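Read off the chains here:
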Amino acid sequence: MPLTSRFATRSRNLRNVTVSFVARRVLPVVAVIGATVAGMPAANADNKRLNDGVVANVYTVQHQAGCTNNVTISPQLQLAAEWHANDVLNNRALDADIGSDGSTVQDRANAAGFKGVVAETVAINPALAINGVEIINQWYYRPDYMAIMSNCANSKMGVWSVNSLDRSVVVAVYGQPG
């Protein structure tokens, strides 16, 4: 039995739309969309493409500076970057290289098992997302970060990015194996 109103009720904003029309046409669509959204699994962000893009951008910066080496991803440096990115995301007072526990980038890289000298760049965006252009813009125009990115000896990298509703953090750890 179709849902109909005994009296044709009209909306003040939509002149010829009756309750019957809304009940027959709109409600089933809303119900299907609602059931679809409710049945979807929670989304887990995968920032691999962003992280790999940062490595590619650093490779480009190095080659523009005259480097001829390759830049490869180091799982140990990636772990060190992950630790610090999560720390910066969850501790709003942090905005650079020192962790909430007083650790330096070298401390984190050593703890992750990397042997060699390391440096770090950190990008923080006060929004849900960040993209490669925003990251490079934050780092390219800082002389200290530009010196790190363009250093040909930094042949290993680990990048990690994390997001919350109002903050995105990207940490890149650069290594000179030794």
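This text goes with the structure placed above it.
So, a few notes on the structure that sits alongside this text. These figures come from a predicted structure and were not determined experimentally. (Residues numbered from 1 in each chain as written. Predicted model: local features only at pLDDT ≥ 70, side-chain atom pairs only at ≥ 80, totals over all residues. Heavy atoms only, no water.)

1. Remarks on the packing of aromatic side chains
As a reminder, the rule being used: Only rings of Phe, Tyr and Trp enter the pairing, Trp through its six-membered ring, and a pair is recorded when the two centres are within 6.5 Å. The plane angle decides the type: under 30 degrees is stacked, over 60 is edge-to-face, the rest tilted. Partly exposed residues are those whose accessible area sits between 20% and 50% of the maximum for their type, while under 20% is buried and over 50% is exposed, using a 1.4 Å probe and protein chains only. Only Lys NZ and Arg CZ are tested; either one counts as a charge over a ring when it is within 6 Å of the ring centre and within 35 degrees of the ring normal.
This structure, assessed with the given rule, holds two aromatic pairs. Between the aromatic rings of Trp139 and Tyr145, the centroid separation amounts to 6.4 Å while the plane-to-plane angle is 85°, which identifies the pairing as edge-to-face. The exposure class of Tyr145 is buried, given its relative accessible area of 2%. The ring of Tyr145 carries the charged tip of Arg142 above its face, separated from the ring centre by 3.8 Å.

2. Topic: the environment of Ala112
The condition that has to hold: Helical segments are the DSSP runs of H or I of at least four residues, strand segments are the runs of E of at least two, and each set is numbered from the N terminus. The criterion used for residue contact is that any of the two residues' heavy atoms lie within 4.5 Å.
Tracing the sequence through the fold places Ala112 in helix α4 (residues 105-112). Taking the C-alpha atoms as reference, Ala112 lies 8.7 Å from Pro75; in sequence the two are 37 residues apart. Once residues lying within four places of it in the same chain are set aside, the contact partners of Ala112 are Gln76, Leu79, Ala80 and Trp83.

3. Notes on the packing of helix α2 (residues 48-64) against helix α5 (residues 132-140)
Counted only if it meets this: For helices, the fitted line uses only the C-alpha atoms of the stretch in contact; every axis is such a line through C-alpha atoms, and the angle between N-to-C directions lies from 0 to 180 degrees. The cut-offs work like this: below 35 degrees is roughly parallel, past 145 is roughly antiparallel, 65 to 115 is roughly perpendicular, and the gaps in between are oblique. A clockwise turn of the near helix away from the far one marks a right-handed crossing, whereas an anticlockwise turn of less than a right angle marks a left-handed crossing. When residues are grouped by polarity, Ala, Val, Leu, Ile, Met, Phe, Trp, Tyr, Cys and Pro land in nonpolar, Asp, Glu, Lys and Arg in charged, and all others, Gly among them, in polar.
The interhelical angle for the contact between α2 and α5, taken along N-to-C directions, is 45°, at an axis separation of 10 Å. Judged by the inter-axis angle, α2 sits oblique to α5. For α2 against α5, the interelement crossing comes out right-handed. Across from Leu50, Val54, Asn57 and Val61 in α2, the residues of α5 making contact are Gly132, Ile135, Ile136, Trp139 and Tyr140. Split by residue class, the contact of α2 with α5 holds seven nonpolar, two polar and no charged.

4. Examining the sheet that holds strand β4 (residues 167-177)
In plain terms, the rule: Only strands joined by at least two bridges in the DSSP assignment are considered to pair.
Strand order in the open sheet made by the four strands is β1-β3-β4-β2, with mixed pairing throughout. Each end of this open sheet is capped by a strand with a single partner; those strands are β1 (72-73) and β2 (116-125). When strand β3 (residues 156-164) meets β4, the two strands line up antiparallel, connected through nine bridges. Each bridged residue has a counterpart across the sheet, and for Val159 the counterpart in β4 is Ala172. The sheet contacts of helix α3 (residues 75-90) involve β1, β2, β3 and β4, and relative to β3 the element is tilted by about 30°. Strand contacts of α5: β2 and β4, with the helix running at about 120° to β2, the strand carrying the most contacts.

5. A look at the pairing of β4
Burial analysis of β4 places nine of its 11 residues in the buried class, the great majority of the element. Where β2 meets β4, 10 bridges bridge the pair, whose relative direction is antiparallel. Looking at the pairing, Thr121 lines up with Ala172 of β4. Linkage of β3 to β4, two consecutive antiparallel strands, is achieved through a turn of two residues.

Read these as geometric descriptors, not functional statements.
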